[in-house]
Amino acid sequence: MNSRRIGIVSLSTALAISFSASDVSAEEAVTEQAETGEKQVVEISAADVNFTKEDLIDRFYELFPSGFDFLEESDFHMNHFRGVGSDDDIIQHHLSFQKETADGEPVRGSVQFVGEELELQYFDYQPKNVQDALYPADVTQEEAEASAKEFIENTASGEYELSDQQRPNVSVGNQTLTEPVEYDLYFQRMENDIPVQNQNIQVTVLGNGEISSYRNTTYQEESASYEEPEDVVEKEEAKASIADSLDLRLQYNVQHDFESDEENVSLVYAPSPGFQGIQAKTGDWDVNNSFVSELPEENEIKRLREEPVETEADPVSREDAEEMAKDLITVSDDAELNIESIEETERNGTEVFSVQFMIHRGNSGTGTSFDIEKDTGDIVQFRNIDYDQQSQEVNLSEEEALKAAVEAAETYGGSSIHEYAYPINGGIANLNNRGVYNFSFPQVKNGLPVQGRALNIGISAEDGELVSFSNMRQGEIENWPEPESAVDKEKALEDYKNDLDVDLSYVSHDQSGDTTDTYHLVYQPAYHANGLYYDAADGDWVEPQSSDSSAEEVITDHWAADEINYMVQSGILSVDEGEELKPNEAVSKGTALEMLMKSMESFYPSNPTEDQTATFENIQSDHPSFQVVERAVRSGIIDAEEDTFPVNDTLTREELAVWIVRSMELEEAAKHADIYGLPFEDADDITEEHAGYVGLAYAKDILQGSDNHFNPDDEVTLAHLAVTCFRLAEKQAN
C-alpha cells in the first residue's frame, strides 16, 4: 500500500495554529472532551420525530443481521437527541439494548442513527463470550481491514479510504489476556481522491471477525459542495510560498503524560505566524477560518496584567456558588433553569464547588456542570449551553468581543490573570455557526507563550455575554527549561524548511449564517513527516511513539516468541530499553508475579498516597512492583507472613501451581489433595502441602508434565510461564 498522509496533523503544525485557533481552540476542545467525557445533547420527545422504535430496530437488524437473535423488542430502548450546536433539523436516533443472560450477567449495546436515511453514526457492543476473539486471533490484520472496508461500503454514504497513518493509541496500563484482540481501524473520507479533513470513521474488529465498535465523526448533508480540483496551484509552488514566509517562535509546550499522570514541559520552536495552509486555487493564506492575501504580523506578547492582583480573593461559599450560577446561566424566555446540586469536590488538586444544572425547554432538556475554585472564586470551567441551542445575531465587532472577554478574565480568573497574555496573532476565531467569538489567552512563562495552558473564553456576538470559560490545569510545573538553552533559530528554521512538505485536503470553514457546507482545497504544511514537535533544546525532531505493535517484537525464532511478544506489546511483561529477553532462562518471582497478575487484571499508573502502607519491608510504595505485590496480597495469591518478599528469587514449578490455583480462587479445593491423581513418576518429590495445587493445576490443563515427570523443583523459565499464562487466561475467560 502506498504511503499517504490522510487526515493526520503533526503537533508541529498544531502548535503553529494553536494560539490563533479557529472556532474553539484545539486545546480547549481536547480538554473539554477529556474532562467532561460527554457530548452535550438536547433530548427530543418521540412525538416530534418521524421514526418509531420498530423502524430503528428494523434498521438495526438490516445492518447487523446475525448475532443478536437473543434480543426481543422489549429489550430495546429509544431516545432522540439533537447535538448542542448542531443544525436544528439533524436529529440523532439512539437505540440501546440490555438483556440478562441465563447466568445473570447483563449484555449491553447501543446504536445511533442520523438523518432521514437512518445512516449509522455510532455502534458499540461487547459480546459476553469473547473466547474465540482471544489471542491468537482467528482473523489477521488484513482480514479485519477487508471486513471493515466492506461494512463501510455497505453502510456509510461517500467514499472512504483506509488511513495508513493510524491514530496512535494512548495506552494507559496493560491489556489483559482475557480481553479480546482488537483491530482499531481508521478510514478517511475522500472526495475526488482527496482527503476531507475531520471526516473519518473508526471501526473496531475483534479477533474473531466481529465488529464491536463503529464511530462516524461527521454527518454530512447533501447540500455540501466541493471545489473542483482544477486550475489549482502547483504543489511545489505552494511549498515554496510556505517556505519563503515561514518564521519560528520559541515557546513552551505542555503535554500530559498518561503513564505518570504528570505534565511535562518542553522548549519548542513552532511555525509563526499561525496559519493552516494555502488555498489551492487562489494562493491565499488560510488563517483563523478565513482566507487572506497577507499573513498577519506576529503580535508582541502583552500580559493581561503585569503584576498579581494586590487584594487577595475571598473564599466562596456554597450559596455564593449558587448565586454565581444564576447570574451566569442566562436562558431565553421559553426556557427554565434548574440548579440540580452543588457538590464539593477536587479538580487537579484544587478544591472546587461543582454546580450541576439543567435547562428545560418544552418536552426537552439539557444539562451539564461548571466548577468554581473554593478559595478564590475563580471559574475552572463553565459553558452556558443555552447559547448553543440558538443562533446569535452579530451585534459586536471582534474588538468589542475581545474587550468583553478580557473583562470576563479579570472577573472570573482574577487571582491568576497576571500569568496570561492577550491572544497571539489575534487569537480570534471568525464567528462559528452559532455566533460565538472564541479567544485563547496563553499562559506566559519566562517571557514565552505556553502551548497547552490558556484561558479559553467564548463571548456571544449578540449581547457580549459569557458563553464559555475554561482554565483547566493539571497542577504546578516546577522545572521550566531556560530559554537560553535553545539552539539558534536559524538552525531550527533550516531544519523546518528541509523537512517541509505539503498535502492537499478539503477543508470546511464554519461561518456564522452559513446554511451549507463548502469545502475548499487547501495545501496544508507537514513538517518532518513523522515529527511530533521540534525540541528547541536538542535541536531535533521528537518522534511520536509507534502505534504499530507488530514492530515491537523482542523475541524471534523461539517456540514461545508469539506469546512473549504479545505480552510485551500488551504491557504485561515489562522490558527496559536495551534489555535482552532470554526465554530459556529462569524468571524471578517479581517478574513472574507481574506476568501472572497483569494477565488477569488491569493495572494503571498511580501515585501512592500517604495512607498506603507496604506489606513487605523491601517493597515500599516507590518500588516498581508495589502495585502488583500489594494486589497479589489482597487477592490471597501470595502470603504476607514474612517481612520481605523474595522478589529476585527464582520460582519453582510447584510454587507456580500454588499461585495459579489461588488466582482461580480454588484454594479450598486444592486442600483436598487426596482427590487428585498425580500421574507422575516423581509425584513423591512434590511437597505434601503443594500436592493438591499441582493436582488441580494439572487437572485444569494449565500445568503439564514432561516424560511422565512434573519436576516440581525446576525453575520456571520465561517461555514456560508465558504459555502457562495464556492457558490460565483461556480458563478464566470461560
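Please read all numbers here as calculations on a predicted model, not as lab measurements. (Residues numbered from 1 in each chain as written. Predicted model: local features only at pLDDT ≥ 70, side-chain atom pairs only at ≥ 80, totals over all residues. Heavy atoms only, no water.)

1. Considerations on the overall build of the protein chain
The condition is simple: Runs of E in the DSSP output that reach at least two residues are strands. Runs of H or I that reach at least four are helices, and both are numbered from the N terminus. Accessibility here uses a 1.4 Å probe with only protein chains present; expressed as a share of the type maximum, an area under 20% marks a residue as buried, one over 50% as exposed, and anything in between as partly exposed. All accessibility values rest on the Shrake-Rupley procedure with a 1.4 Å probe; residue burial counts only the protein chains present in the view.
Check the secondary structure of the protein chain and you find 15 helices and 26 strands. Among the 734 residues that make up the protein chain, the fraction classed as buried is 48%. Accessible surface, the protein chain as shown: approximately 35500 Å² in total, 40% of it carbon and sulfur.

2. Re a negative patch on the surface
This is how the line gets drawn: Think of a patch as exposed residues, more than 30% relative accessible area, with no salt bridge, where like charges cluster within 9 Å and nonpolar side chains (Val, Leu, Ile, Met, Phe, Trp, Tyr) cluster within 5 Å. A carboxyl oxygen of Asp or Glu within 4 Å of a side-chain nitrogen of Lys or Arg is what we treat as a salt bridge. The charged-residue count follows a simple rule in which Lys and Arg add positive charge and Asp and Glu add negative charge, with His and chain termini not counted at all. Charge positions are represented by NZ for Lys, CZ for Arg, CG for Asp and CD for Glu.
Among the surface-exposed residues, D684, D685, D713, D714 and E715 lie close enough to one another that they form a single negatively charged patch. The topology assignment puts D713 in the loop between α14 (691–699) and α15 (718–733).

3. Here's the deal with helix α10 (residues 589–600)
Basically, it comes down to this: The span one expects for a helix is its residue count, reduced by one, times 1.5 Å. Contacts were defined at the residue level, with two residues in contact if any of their heavy atoms lie within 4.5 Å.
Look at α10: 17 Å from first C-alpha to last across 12 residues, which is about the 16 Å you get at 1.5 Å a residue. Burial runs high along α10: 11 of the 12 residues are buried. All of the buried residues in α10 are K589, G590, A592, L593, E594, M595, L596, M597, K598, S599 and M600. Against the buried residues of α10 lie α9 (561–569), α11 (626–634), α12 (653–663) and α15.

4. Some details on the pattern of salt bridges
Inspection of the entire model under this criterion finds 21 salt bridges. Note that E667 and R662 form a salt bridge whose closest N and O atoms lie 3.0 Å from each other. Take R662: its relative accessible area is 13%, and that puts it in the buried class. Ionic pairing is found between K671 and E668, a salt bridge with its closest N-O pair at 3.1 Å. Across this residue pair, the class does not change: K671 and E668 are exposed. Overlapping salt bridges bring together R318, E344, E351 and K374 as one network.

5. Some thoughts on the packing of α12 against α14
We apply this condition: Only the stretch in contact is used when fitting a helix axis, every axis being a line fitted to C-alpha atoms; angles between N-to-C directions are given from 0 to 180 degrees. An angle below 35 degrees is read as roughly parallel, one above 145 as roughly antiparallel, one from 65 to 115 as roughly perpendicular, and any other as oblique. Handedness of a helix crossing follows the sense of rotation of the near helix relative to the far helix, less than a right angle counterclockwise being left-handed and clockwise being right-handed. Under the convention adopted here, Pro, Cys and the residues Ala, Val, Leu, Ile, Met, Phe, Trp and Tyr are nonpolar, Asp, Glu, Lys and Arg are charged, and Gly plus all remaining residues are polar.
Taken N-terminus to C-terminus, the directions of α12 and α14 make an angle of 70°; their axes are 8 Å apart at the nearest point. With respect to their mutual orientation, α12 and α14 come out roughly perpendicular. Considering the relative orientation of α12 and α14, their crossing is left-handed. In this structure, α12 contributes E654, A657, V658, V661 and R662 to the contact, and α14 contributes Y693, V694, L696 and A697. Looking at side-chain class alone, the contact of α12 with α14 contains seven nonpolar, no polar and two charged residues.

6. Things to note about the confidence of the model for the protein chain
To keep it simple, the criterion reads: Predictor confidence is given residue by residue as pLDDT, running from a minimum of 0 to a maximum of 100.
Considering every residue of the protein chain, the mean pLDDT works out to 85; 85% of them sit at 70 or more. Across the protein chain, the secondary-structure element scoring lowest on mean pLDDT is helix α2 (residues 26–36), at 35, and the one scoring highest is α12, at 97. Contacts from residues 20–40, a stretch scored under 50 in pLDDT, to residues over four places away or in other chains number 44 contacts. Throughout residues 546–551 the model reports pLDDT below 50, and contacts reaching past four residues in sequence, or to other chains, amount to six contacts.

7. What about the packing of α12 against α15?
At a minimum axis distance of 11 Å, the contact between α12 and α15 shows a crossing angle of 20°. Relative to α15, the element α12 is oriented roughly parallel. Two packed elements cross with a definite hand, and for α12 against α15 that hand is right-handed. For the pair formed by α12 and α15, the contact residues are L656, I660 and S663 on the first element and L721, T724, L728 and Q732 on the second.

8. Notes on the packing of aromatic side chains
Operational definition: Pairing of aromatic side chains requires ring centres within 6.5 Å, counting the rings of Phe and Tyr and the six-membered ring of Trp. Pairs whose planes differ by under 30 degrees are stacked, by over 60 edge-to-face, and all others tilted. Lysine and arginine charges are scored as sitting over a ring when NZ or CZ, respectively, is within 6 Å of the ring centre and within 35 degrees of the ring normal.
Counting across every chain of the model gives 36 aromatic pairs. Relative to F151, the ring of F64 lies with its centre 5.5 Å away and its plane at 35°, an arrangement referred to as tilted. One end of the pair, F64, is in the loop between α3 (53–63) and β2 (76–83); the other, F151, is in helix α4 (residues 141–155), and 87 residues separate them in sequence. Neither F64 nor F151 differs from the other in exposure class; each is buried. For the ring pair F439 and F441, a centre distance of 6.4 Å and an interplane angle of 25° mean the geometry is stacked. You can call F441 buried: its relative accessible area is 0%. Its guanidinium or amino end placed over the ring of F603, R631 lies 3.7 Å from that ring's centre, counting from NZ or CZ.

9. So, the side chain of S588
Going by this rule: Identification of polar contacts relies on pairs of N or O atoms within 3.5 Å, with a donor-acceptor requirement for protein atoms, meaning one able to donate a hydrogen and the other able to accept it, and with residues adjacent in sequence counted only if both atoms are side-chain atoms.
Within the secondary structure layout, S588 lies in the loop between α9 and α10. Side-chain polar atoms of S588 contact the backbone nitrogen of T591, separated by 3.2 Å. The contacts of S588, once residues within four sequence positions are left out, are V647, N648, D649 and T650.

10. Describing α11
An α-helix turns once per 3.6 residues; consequently, residues spaced three or four apart project the same way. Across the nine residues that make up α11, a large majority, seven, are buried. Those residues of α11 that are buried are in contact with α10. Directly beyond the C-terminal end of α11, a positive phi value near 80° is found at G636.

11. Details of the nonpolar core
Filter applied, for reference: What we call a nonpolar core is a set of buried Ala, Val, Leu, Ile, Met, Phe, Trp, Tyr and Cys residues that are connected through their side-chain atoms within 4.5 Å.
Ranked by size, the top nonpolar core spans 95 residues in total, and within it F60, L593 and I638 carry the most contacts. Among the elements that take part in this core, α15 stands out by supplying nine residues, more than any other. Residues in contact with F60, not counting those within four places in the same chain, are F68, F76, L95, F97, V111, F113 and F123.

12. A closer look at the environment of A240
Secondary-structure assignment places A240 in helix α5 (residues 235–245). Residue classification places A240 among the partly exposed positions, given a relative accessible area of 34%. The sequence separation of A240 and V502 amounts to 262 residues, and the corresponding C-alpha distance is 9.9 Å.

13. Overview of the pairing of strand β4 (residues 106–114)
The line we're drawing: Strand pairing is defined by DSSP finding a minimum of two bridges between the two strands.
Buried residues dominate β4, accounting for seven of its nine residues. One ladder, built from nine bridges, connects strand β3 (residues 92–100) with β4; its direction is antiparallel. Pairing of H93 across the sheet is with F113, part of β4. The loop that links β3 with its antiparallel partner β4 comprises five residues; one of these, G104, has a positive phi angle of about 85°. With six bridges joining them, β4 and strand β5 (residues 119–125) adopt antiparallel strand pairing. The residue of β5 that forms the bridge with S110 is D124. Linkage of β4 to β5, two consecutive antiparallel strands, is achieved through a turn of four residues, within which G115 is found at a positive phi near 85°.

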